[in-house]
Each structure stands twice: as C-alpha cells, then as structure tokens.
Amino acid sequence: MRWTLKPTPDLQKIKHLSQALQVDGVIASLLVQRGIETFEEAKNFFRPKLSDLHNPYLMKDMDKAVKRIEQAIENGENILVFGDYDVDGTTAVSLMSSYLHSYYPNVATYIPDRYAEGYGVSFQGIDFADDNGMTLIIALDCGIKSIDKVEYAKQKGIDFIICDHHRPGDELPDAVAVLDPKRTDCTYPYDELCGCGVGFKLIQALAENRGQTITDLVTYLDLVATAIAADIVPITGENRVLATFGLDVINTFPRPGIQALIQNVKKQKLTIGDVVFQIAPRINAAGRIYHGNKAVELLTEFNLEQAQEFAAMIEGLNAERKDLDKQITTEALMQIVSNNEQERFTTVVYDENWHKGVIGIVASRLTETYYRPTLVFTKSGDKLAASARSVKDFDVYNALEACADHLEQFGGHMYAAGLTLKEEQYSGFKQRFEEVVRQTIAPELLVPEVQVDAEIDFSDITPKFFRILKQFEPFGPGNMTPVFLSRGLMDTGYGKAIGADETHLRLFVKQGDAEGYAAVGFGLASKMNIACSGKPFEAVYSIEENEWNGNVSTQLRLRDIRTEE
C-alpha cells in the first residue's frame, strides 16, 4: 500500500483559521484541506442548515416538470413512478410515490425486473403504463439515455419526466422535462446529487408550489440519506446538508421500513458507514435476488408490523445474497489463476451460471485481491452482461467508451458501470479493454493508496480534538474520514489475530508516555510480525468510537502498519 501524505496547506491560512475558531493547528489544517478557510465557511460546514439547500427551480426544466405533474393531477391522470432496482432507484421511487400519494391517489410504482428487463427504462414498463391507462411516467435514477424508449412512449400518448444524475449522451430524450444537473446546459449550482436527490429537488419544487416549506419534507430525508450513502456520491455541499438531516431522521424517527431494517443494529447512533454496510445491502438484496418491488413495498409501508414482515423476508434474501457472493468470488479468483491472468492490467472474468444480481459485488471483491479495473460477466438472455468497478483515480467509463465498438450498450460513472455485449464480442472486448487500460493507466494507480491527512502524536488526541473530529461527519467522498500517521508506536503485548479466519489484527498501542489505545486492523493479521516484534513501528489510522456492551471508548482503525523507516 502507498502512503501519501497530503501537502500541508498554506500556513497563514491554518493560523488564521485556528485563531478564528479557537482550535488547534491540526483541526484547522484538516478544514483548509477541505476548502474551508473562513469562520463563515466553517460554520456552514459544522452547522449545516436546511436553508442552505438551493432553489429547486434553478435546475433546468424544473418548471416544466412541475407544470406537467400539476396538469396530470388537475386532469385526474394516472401517474407511474418508475425507477432503477438498486438502492438509489428504489429509495427515489419510494420518495416520489409516497409524496404524491400524500395528496393524490392515482399513482402507481414500477421497478424493472433486473433479469427480464435489465437496467433503466424498459419497453415492458411502458407497455405496463399503457395497459393501465397511465399517461405520465416519472423516471428516477435512469432515463437520461433512453431516447428510443421515450419515443416509444410518446407514440402511445405517454409523457415522460426524467430525473437522473448520470452523464447524458450527445442527445437528450425528447421528454417533457429532463432533470439532470450533469446536463451541459444546466446551471444548477451542485451537480453531484444522486438520483433520489434529484427526485427530492422535484418534490421540493412541488411542495413550494403547494405552499409547503422545506420543514414539511424533512421526514423524507431518511430515504435521501440512504441513497447518498449507497450511491457513494460526494458528501459535500447540498449532499452534506441532505445527509446530515437524513441521518438525524434515521436516528430519531425513521419510517417503519427503515426502522424494521435497523432494529437489530446494536448502536446508539448510526453513521453513514452504518447505512452503507447495514441498511443499503439489505435494500439492494431485494432487487438482486428477487425483485426491487419488495424494497419499495418495505420503504413505503407505514404499519410497523407489516414492515417487519417485509424486512424479515428481505433479511432472508440478503443471507442468500451473501452465500452467492462468497461462492462466485471464490470461482472468479480460481478462474483468474487457471487462466494465468494474475499479472494483467485488468480483471475480466465470465461464467454463464453466475447470478446477475451479485456480479457487481463480486467485481468489488476482486479489486480487493487484484487492485485493477475489473469486469465480471454473466449470461443475460441472449447477451452477456457485466458490472465494472474501478480503482481510485481511474475512469472506467472512459475506458469502456474507448471499447464502444465491441459493446451493445453501457452506462455508469467513473468508478462503476454496467454493460452488455453479444457473446461473440466477448474475447475481442476483453483484449481491447486490456489494451486501453494498459495504455492509459498510470502504474501507481495499480497500487492501493492510503492518503494521510496529517502526522500527529498520541498526545494530540485530546477529548476536545476528538469531539471536534466527530463533527466532521457525515464522512464520504469529498470529506473522507481523516487519516493520521504516527511513528514510534509499540504494542503492549496484547497483540493477536482475531476473527473467525484470524485475518484481522487487534493491538493495544502506546507511544511514549501518552495514553494508549486499542487498535483494530481488518485484514492486517499478516502484519502481526511487525506490530508484535517488540520494535517500534509506524501506522496510518483513523480515530473512531467503539461501542461494546453499552460502553463507548476511543479506538484506532488501522489502515496499514510498517516498520520504522
């Protein structure tokens, strides 16, 4: 692992901010690294306000979207809320449908079948709308490239409003309104919203049109925060406000569906990380193993007892997902070895029997072993479908674009994408993808990197320091958990490998005469010989709270350790 110490920001800026906020230099440096240089900027960072949210009408086509929905309601039209089957899509559908249902009854929902229909707007979904007399479809977290589908709907007399956050192509669908802050002609001040976030801006505009205020919409923010966490969008700007207030809803008065999912999580206060690892996989499991409709049923259910029944079913699907994930990851790793592909610049594996619902997770797992752009393929109807995952700072979407002549279709982001191709295109694509990555990736990007915010001593970790550090939450892209470097560390003799397979490391670490800390390093048991040699070592780590049997303590989350240089 590469340890990269971030450059120390301008010392005058650090000194000025340290004095203005009455905080130590390390805290001030962390803030300046995040672009926060004044008292007012720090106040907005530490104390986000709902009033910081932008006017939704600044988004291109928002006025058209609101006008068409109000027209539909006035005419008594049937509205279909359509969304993708992942967390961002199902939360967005739940958000939009439950808001519209609060004052208008003629609203139905539709989540495409991952296997029968695939990603995004589908002809089957449009036919469903047509068969049921629906004349307006609101598409969420998808649709930005659905030019042919929107045209097909138009021929049937069905209008589209698209709420998406993916990169548009050269041409936009001919919809009544296309809400996407990534449109080149959209001047909305923040372009990193998730799909559910774009949906929230639409209900914010609808609410404003109906004389409601932002405080009337706070109860919907548990869904938005869940989508922000699951979709790994930057937790900066508007997303930071939405995530902060959404987490507050999750921790105080969540909707019954989320309450049912988290009732077994033994923590006093959930973080964004808990949402990523506890809530999101369960919501995702519905669409991966069975059908995304089940996630929408859970998230829109307001009877707790019924929600608990839905949650129990989803818990079973999640257990099945875990088993499949483990099995397919093992098979994929064996395939890499048997094909003698350990030293390539990419991982591209395929088995027609792999479950399509977990290939994205498997792709992420494979990057943990072979740190490089990864695609996992399976059979999907008469074509092959794949999920792509990338490594830090490498744009896999651009790499796929360079291979477009081998593909049927593709879409996604810098770090994650989906694609389909014909079976006979597979070997040619695999070769071309390897060539593109080999020619364009910087060698250092193939080595995992841990970025270190600051070098500190244990004596710097005072109660005030940690109290302020916790106020940097919620953490995520653009505001990652601060990582520190400390040298001259010694284990006090309690170091041991832990976990069912003993792959993790637990230490009690001291530095000179300063207070010592329990430290946990997941996947670091192989470094036990360094930590427990009786010689000083150095470590990179984050600082966190550990809850155990009702007791809360400060512990270090080790990222890596090495011998003293």
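Residues numbered from 1 in each chain as written. Predicted model: local features only at pLDDT ≥ 70, side-chain atom pairs only at ≥ 80, totals over all residues. Heavy atoms only, no water.

### Considerations on the overall build of the protein chain
Along the protein chain, the regular secondary structure elements total 19 helices and 19 strands. In terms of its C-alpha atoms, the protein chain occupies a principal-axis envelope of roughly 75 × 60 × 50 Å. By sequence separation, contacts in the protein chain at least 24 residues apart represent 67% of the contacts at least 6 residues apart. Of the roughly 24,800 Å² of accessible surface on the protein chain, 49% is carried by carbon and sulfur atoms. Side-chain charges in the protein chain split into 57 positive and 81 negative, and the spacing between the mean points of these groups amounts to 4 Å. (Helix = DSSP H or I, 4+ residues; strand = E, 2+ residues; numbered from the N terminus. Contact = heavy atoms within 4.5 Å. Areas by Shrake-Rupley, 256 points an atom, 1.4 Å probe, with all protein chains shown as cover. Lys, Arg positive; Asp, Glu negative; His and termini not counted. Charge placed at Lys NZ, Arg CZ, Asp CG, Glu CD.)

### Concerning the pairing of strand E10 (residues 409-412)
Of the two faces of E10, the one holding Phe-410 and Gly-412 is buried and the one holding Gln-409 and Gly-411 is not buried anywhere. The pairing of E10 with strand E11 (residues 416-422) spans 4 bridges and is classified as antiparallel. Residue pairing in the sheet places Phe-410 in a bridge with Leu-419 of E11. Counting the residues in the hairpin turn of E10 and E11 gives 3 residues. (Buried < 20%, exposed > 50% of the residue type's maximum accessible area, 1.4 Å probe, protein only. Pairing = 2+ DSSP bridges.)

### Some points on the packing of helix H5 (residues 87-101) against helix H9 (residues 221-230)
Across the interface, H5 lies against H9 with an axial gap of 9 Å and an inter-helix angle of 165°. Comparing the axis directions of H5 and H9 gives the class roughly antiparallel. The two elements H5 and H9 cross, and the hand of that crossing is left-handed. Only Leu-223, Val-224, Thr-226, Ala-227 and Ala-230 of H9 make contact with H5, whose side of the interface consists of Val-87, Asp-88, Thr-91, Ser-94 and Leu-95. For the contact of H5 with H9, the per-class residue count stands at 6 nonpolar, 3 polar and 1 charged. (Axes fitted to C-alpha atoms, helices over the stretch in contact; angles between N-to-C directions. Parallel < 35°, antiparallel > 145°, perpendicular 65-115°, else oblique. Left-handed = near helix turned anticlockwise from the far one by under 90°. Nonpolar A, V, L, I, M, F, W, Y, C, P; charged D, E, K, R; others polar.)

### Describing the packing of aromatic side chains
With the rule as written, the count across this model stands at 17 aromatic pairs. Here Phe-45 and Phe-46 contribute two aromatic rings whose centre-to-centre distance is 5.2 Å and whose plane-to-plane angle is 75°, an arrangement assigned as edge-to-face. Of the two residues, Phe-45 and Phe-46, neither departs from the other in class, the shared state being buried. Plain terms: the ring middles of Phe-82 and Tyr-110 are 5.3 Å apart, the flat faces sit at 15° to each other, and that makes the pair stacked. In this pair, Phe-82 sits in strand E2 (residues 78-83) while Tyr-110 sits in strand E3 (residues 107-110), placing the two residues 28 residues apart along the sequence. What makes Phe-82 buried here is its relative accessible area of 1%. For Tyr-110, a relative accessible area of 12% corresponds to the buried category. An aromatic cluster is built from Tyr-350, Phe-377, Tyr-426, Phe-429 and Phe-433, whose rings are joined through pairwise contacts. In this structure, Lys-145 is placed above the aromatic ring of Phe-410, and the distance from its NZ or CZ to the ring centre is 5.2 Å. In this structure, Arg-562 packs its charged tip against the face of Trp-3, placed 3.7 Å from the ring centre. (Phe/Tyr/Trp six-rings, centres within 6.5 Å; stacked < 30°, edge-to-face > 60°. Lys NZ or Arg CZ within 6 Å of the ring centre and 35° of its normal.)

### Notes on the sheet that holds strand E7 (residues 347-350)
Pairing is mixed across the open sheet formed by 5 strands, whose spatial order is E7-E8-E9-E11-E10. Each edge of the sheet is formed by a strand with only one pairing partner; in this case those strands are E7 and E10. In this sheet, neighbouring strand axes are inclined to one another by 15° on average, regardless of whether the strands run parallel or antiparallel. Each of E7, strand E8 (374-380) and strand E9 (383-389) is contacted by helix H15 (residues 359-369), which is oriented at about 45° to E9, the strand it contacts most. Packing against the sheet, helix H17 (residues 426-440) makes contact with E7, E8, E9 and E11, and its axis sits at approximately 165° to E7.

### Quick look at the side chain of Asp-141
Relative to the elements of secondary structure, Asp-141 occurs in the loop between strand E4 (134-140) and helix H7 (147-155). Buried charged residue Asp-141 carries no salt bridge. Nearest counter-charge: Lys-182, at 9.3 Å. Within the structure, the side chain of Asp-141 is placed 3.1 Å from the side chain of His-165, a separation counted as a polar contact. Other than its neighbours up to four places away in sequence, Asp-141 contacts Asp-84, Asp-86, Asp-88, Gly-89, Tyr-119, Cys-163, Asp-164, His-165, His-166 and Gly-195. (Salt bridge = Lys/Arg side-chain N within 4 Å of Asp/Glu carboxyl O. Polar contact = N/O pair within 3.5 Å; in protein donor to acceptor, adjacent residues only side chain to side chain.)

### What about the side chain of Glu-238?
Along the chain, the position of Glu-238 falls in helix H10 (residues 237-252). For Glu-238, a relative accessible area of 2% puts it in the buried group. Side-chain polar atoms of Glu-238 contact the side chain of Tyr-188, separated by 2.7 Å. When sequence neighbours within four positions are dropped, the list of residues in contact with Glu-238 reads Leu-53, His-54, Tyr-188, Tyr-190, Leu-193 and Lys-201.

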